[in-house]
Amino acid sequence: MEIYIFVLTNNIMKTKLLLFVLITNCTMGQEIKTFFDFTAKTITGENLDLSHFKGKKVLVVNTASKCGFTPQYAQLEELYKKYSGDKFAIIGFPANNFMKQEPGTNEEIKEFCTKNYGVTFPMMQKISVKGDDIDPIYSWLTLKEQNGVEDAEVKWNFQKYLIDENGKWVGVLSPKVSPDSDVIVHWITRGTLDNTSK
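What this report covers is the structure whose coordinates are included nearby. All residue numbers here refer to positions counted from 1 along the written sequence of the relevant chain. The predicted nature of this model means local features are confined to residues of pLDDT at least 70 and side-chain atom pairs, given and counted, to a pLDDT of 80 or more, with totals for whole chains, interfaces and linings taken over all residues. Values shown for side chains rest on all heavy atoms present in the structure; no hydrogens or waters enter the calculation.

## Comments concerning the environment of Asn97
(1) Moving on: By the criteria applied, helices consist of DSSP H or I runs no shorter than four residues and strands consist of E runs no shorter than two, each listed in order from the N terminus. Assignment of secondary structure puts Asn97 in the loop between strand 4 (88-94) and helix 3 (106-117).
(2) Moving on: Separated by 30 residues in sequence, Asn97 and Ile127 place their C-alpha atoms 8.9 Å apart.
(3) Moving on: Ignoring any residue separated from it by four or fewer positions in sequence, one finds Asn97 in contact with Ile127, Ser128, Val129 and Lys130.
(4) Moving on: Looking at Asn97, its side chain comes within polar contact range of the side chain of Ser128, at 3.0 Å.
(5) Moving on: Separated by 2.9 Å, the side chain of Asn97 and the backbone nitrogen of Val129 make a polar contact. Throughout, a residue-residue contact means that at least one pair of heavy atoms, one from each residue, lies within 4.5 Å. As used in this structure description, the phrase polar contact means that two N or O atoms lie within 3.5 Å; if the pair is within protein, one of them must be able to donate a hydrogen and the other to accept it, and residues adjacent in sequence are counted only when both atoms belong to side chains.

Structure below.
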């Protein structure tokens, strides 16, 4: 009887240990990435490791040249000139997902932004921000299972995602929220986000 109990206890301990190992491996495999774990291609075709922005707050925006919100390029550039440096950056991702309002090539988009709005903040190559061909960066930005915070699909051009200095997802703002709005300026300067402006 004692031998039987010992064997049973030993098997239970082995089972518990096996379960612990399996759960630990599954959890480790599901570690949440940060924004800085990704690489993008600049509008001129170079690879850009987003870890380059570590230590900065980053505003990520999907852009389009033929949208009612296109004039926000000017406000984005003003914001970038005023606050960029060691603490803040803006990254633009042109996308043609909404009513085909970004039909141009990367070269055409670059020329448009530079000529019409004097854009100097980093612009990436045109990508898809939704659907089956969604770019991995936007998959992370829009899915809670990847960013660890919130599901936030892109609703239109010039939607703004806010990333903290550690590459963590902080919030999302509607395309209607102006780049020079108090909510964005307060987030840059004070580190607080008023979630009522979504």
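From this point, things continue past the structure.
## Quick look at the sheet that holds strand 4
(1) Moving on: Pairing is mixed in the open sheet, where four strands are placed in the order 4-3-5-6. Single-partner strands in this sheet number two, and they are strand 4 and strand 6 (169-173). Across the sheet, the axes of successive neighbouring strands diverge by a mean angle of 20°, strand direction being ignored.
(2) Moving on: Paired strands, in this sense, are two strands between which DSSP finds at least two bridges. With seven bridges connecting them, strand 3 (residues 57-63) and strand 4 associate as parallel partners. Bridge pairing in strand 4 places Leu59 opposite Ile90.
(3) Moving on: Sitting on the sheet, helix 2 (residues 72-83) is in contact with strand 3, strand 4 and strand 5 (160-163), with an inclination near 155° to strand 4. Axis definition: a line fitted to C-alpha atoms, limited for helices to the stretch in contact. Angles are taken between N-to-C directions and run from 0 to 180 degrees.

## Here we look at the side chain of Asn62
(1) Moving on: Here Asn62 shows up in strand 3.
(2) Moving on: With relative accessibility at 0%, the residue Asn62 sits in the buried group.
(3) Moving on: In contact with Asn62, not counting residues within four places along its chain, are Phe93, Phe98, Val129, Tyr138, Val154, Trp156, Asn157, Phe158 and Gln159. Type-normalised accessible area, obtained with a 1.4 Å probe on protein chains alone, sets the label of each residue: buried when under 20%, exposed when over 50%, and partly exposed for intermediate values.

## Description of unusual backbone geometry
(1) Moving on: Notably, Met99 is not glycine yet its phi reads approximately 50°, a positive angle.
(2) Moving on: With respect to the helices and strands, Met99 occurs in the loop between strand 4 and helix 3.
(3) Moving on: When its relative accessible area of 66% is taken as the criterion, Met99 is described as exposed.
(4) Moving on: We note that Lys100 has phi near 50°; this positive angle belongs to a residue other than glycine.
(5) Moving on: Relative to the helices and strands, Lys100 is located in the loop between strand 4 and helix 3.
(6) Moving on: Residue classification places Lys100 among the exposed residues on the basis of a relative accessible area of 63%.

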